[in-house]
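Residue-level structure breakdown
Read off the chains here:
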Amino acid sequence: MSNQPIKCKAAVAWEPNKPLSIEEVEVAAPKKGEVRVRIIASALCHTDVYTWSGKDQEGKFPCILGHEGSGIVESVGEGVTSVEIGDHVIPLYTPECKECKFCTSGKTNLCQKIRVTQGQGVMPDGTTRFTCKGQEVFHFMGTSVFSEYTVCAEISIAKINVDAPLDKVCLLGCGVTTGVGAALNTAKVTKGSNVVVFGLGAVGLAVIQGSQLAGATRIIAVDINEKKYKLAADFGATDFVNPLSEENKDKKIQDIIVGMTDGGADYSFECIGNVETMRAALECCHKGWGECTIIGVAEGGKEISTRPFQLVTGRVWRGSAFGGVKGRSGVPEYVNKYLRGEIKVDEYITHNFNFEQINDAFTALKGGDCIRAVMHY
Ligand code: APR
Ligand code: ZN
């Protein structure tokens, strides 16, 4: 146990849309039920960019962003039993307390134990562990991995195999697990089925990977950026559709898919966060049984629509968060799947930066060539 604050570097978001600034911050000791982690690597995800941009109503500033990371336990607070100093861990934005109504339902991975305080950018006791220049700095998603040290609730920490390279498996803290899990746990893609994936970022590629693992025979990849097709093919996509191409631009994408698949998709996935493609993803499903899973996060306030008859005639619309994976029990297993060579992770990493270059990583992610940019601390 350590009750000393640590001074270290962190990327502070002082206000929306301003470059992050690398500052010396003070990270207080973990309190009861909390764990302090030395972050080794993290990757940038669109949710960080979204909150940074100021569009997220829940966003609190100043804050320390970052939710796709990995590290080593530096110290633990009173009563912590599931991890100890030196353990390799992945911080979880979807915790798992194993005792709330949600955790015990057996029906969802969405633990609600600390949901309210997590949304407010504070620890479960209502306070923050970060200070910078005498000012309190908010947490983000219960993880705040854009800091050399962070403090998380014990229920937000997954202990993983020490053999796993931390600068790769950080991706299992969000994007890869989200996509693979959506195919395997949420949609439960079946052998021999046809699958349509809208959006070929890390999440969509991971859905392709999960669908291939599940034995899908046809995987149609939809993206307006044709540069994404090569990687999608490497991950298992069999067909590629650009909704904006000369031959497609006057047609509805749902009609194109229905035409390609003898009536529609068995499973479709929306991995963009656009309400128009969410509609298309439902409507391209096969009558009677096609199931559409929404993974992309739309901007606050947006609504989806379709004709109800789409559902009456057997199509299913559902959503998935973090791939339906329970963090503390499921993520370690994903890490082991990676170590056994069953799932790809390295292939998503298109850019590498030093932690101090975090603003360059933001710029890279917003360009069209980046799948994941990993930062090394
Ligand atoms: N039609 C088809 N493809 C599109 C469209 C469109 N209208 N608009 C964007 N795309 C493509 C982009 O070209 C890009 O390749 O969707 C892809 C989205 O990928 P990323 O932006 O890299 O996003 P990713 O990290 O995979 O996350 C996808 O899931 O977790 C959420 O917040 C996240 O909503 C986001 C989504
Ligand atoms: Zn719970």
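See the structure printed just above.
In this numbering scheme, every chain counts its residues from 1 along its sequence in written order. Chains carry letters and ligands carry numbers; both start at the beginning, A for chains and 1 for ligands, and go up in the order they are written. For this predicted model, a pLDDT threshold of at least 70 governs which residues receive local features, and a threshold of 80 or more governs which side-chain atom pairs are given and counted, while totals over whole chains, interfaces and linings are taken from all residues. Only heavy atoms go into the side-chain values, all of them from the structure, while hydrogens and water stay out.

Next up on the list: empty space enclosed by the protein. Definitions used for this entry: grid spacing 1 Å over protein atoms alone; cavity, a set of points where a 1.4 Å probe fits but cannot get out; pocket, an open set with protein on both sides within 12 Å along at least 5 of 7 lines; lining residue, one with an atom within 4 Å of a point. Grid points are joined across faces, edges and corners, and a volume is the space filled by probe spheres set on the points. For the coordinates displayed, the defined rule picks out one cavity of 30 Å³ or more. The calculated volume of the largest cavity comes to roughly 60 Å³. I114, T117, Q118, V122, M123, P124, G142, C152, A153 and S156 together form the lining of the largest cavity. Per the convention used, a helix needs a DSSP run of H or I reaching at least four residues, while a strand needs a run of E reaching at least two, with both numbered from the N terminus. Of all elements in the fold, only α3 (115–119) and β8 (149–153) reach the threshold of two or more residues within the lining of the largest cavity. Each residue belonging to the lining of the largest cavity can be placed in one class, and the counts come to six nonpolar, four polar and no charged. Under the grouping applied here, Gly and all other residues not named as nonpolar or charged are polar, the nonpolar ones being Ala, Val, Leu, Ile, Met, Phe, Trp, Tyr, Cys and Pro and the charged ones Asp, Glu, Lys and Arg.

Only C97 (SG), C100 (SG), C103 (SG) and C111 (SG) from the protein reach the zinc ion (ligand 2) as donors, at distances of 2.3 to 2.4 Å. Excluding water, the donors of a metal are its N, O and S neighbours within 2.8 Å, or within 3.2 Å for Na, K and Ca, and that exclusion means sites may look incomplete. Every angle between 85 and 135 degrees makes a four-donor site tetrahedral, while opposite donors more than 155 degrees apart, with all other angles between 65 and 115, make a four-donor site square planar and a six-donor site octahedral; other sites are irregular. For the zinc ion (ligand 2), the four donor atoms in the first shell make angles of 104 to 115 degrees at the metal, so the coordination geometry reads as tetrahedral. Mapped onto the sequence, the residues coordinating the zinc ion (ligand 2) show the spacing C-x2-C-x2-C-x7-C. By relative accessible area, C100 is classed as buried at 13%. Classification of residues uses two cut-offs on accessible area relative to the type maximum, computed with a 1.4 Å probe and protein chains only: under 20% is buried, over 50% is exposed, and between them is partly exposed.

For helix α8 (residues 253–260), the full list of buried residues reads I253, Q254, I256 and I257. Viewed end-on, α8 has its buried residues packed into an arc of 160 degrees, placing them on one side of the element. Two residues qualify as a contact provided that any one of their heavy atoms is within 4.5 Å of a heavy atom in the partner residue. Residues of α8 that are buried in the fold lie against β10 (194–198), β11 (218–222), β12 (239–241) and α9 (275–283). A positive backbone phi angle near 55 degrees is found at D262, which sits one or two residues after α8. Directions drawn from the helix axis to the C-beta atoms are what define this arc.

Now for the site of ligand 1. Nearness here has a simple test: a residue counts as near a molecule or strand if at least one of its heavy atoms is within 4 Å of that partner. Neighbouring residues of ligand 1: 18 residues in total, closest H46, V203, D223, K228 and V297. By the criterion applied in these results, polar contacts are pairs of N or O atoms within 3.5 Å in which, for protein atoms, one can donate a hydrogen and the other can accept it, and in which residues neighboring in sequence qualify only through two side-chain atoms. Between an oxygen atom of ligand 1 and a main-chain N or O atom of G201, the distance comes to 3.4 Å. Taken together, the elements giving at least two residues each to the shell around ligand 1 come down to α1 (46–52) and α6 (202–214). For the shell around ligand 1, the residue count by class is seven nonpolar, eight polar and three charged. The split of the chain into domains comes from an automatic or database domain assignment. Looking at which domains feed residues into the shell around ligand 1, each of domain 1 (6–175 + 324–376) and domain 2 (188–319) supplies at least three.

Strand pairing follows a simple DSSP-based rule, namely that at least 2 bridges must link the two strands. Spatially, β1-β2-β6-β7 is the arrangement adopted by the four strands of the open sheet, whose pairing is antiparallel. Sheet topology places β1 (6–12) and β7 (135–137) at the edges, where each strand pairs with a single neighbour. The sheet shows a mean angle of 45 degrees between the axes of neighbouring strands, taken without regard to direction. Strand direction decides the pairing type here: strand β2 (residues 21–27) and strand β6 (residues 130–132), joined by two bridges, are antiparallel. By the bridge assignment for β6, V27 is matched with F130. Inter-axis angles, ranging from 0 to 180 degrees, are taken between N-to-C directions of lines fitted to C-alpha atoms, where helices are fitted over the stretch in contact.

Right, let's get into the side chain of S144. As for its placement among the helices and strands, S144 is situated in the loop between β7 and β8. Looking at S144, its side chain comes within polar contact range of the main-chain oxygen of I64, at 2.7 Å. Setting aside chain neighbours within four positions, we find S144 in contact with I64, L65, G66, F130, F138, H139 and T150.

To continue, consider helix α5 (residues 175–186). The buried count for α5 comes to 10 of 12 residues, which makes it a mostly enclosed element. All buried positions along α5 are accounted for by G175, V176, T177, T178, G179, V180, G181, A182, A183 and T186. Phi turns positive, to about 55 degrees, at K188, one or two residues after α5.

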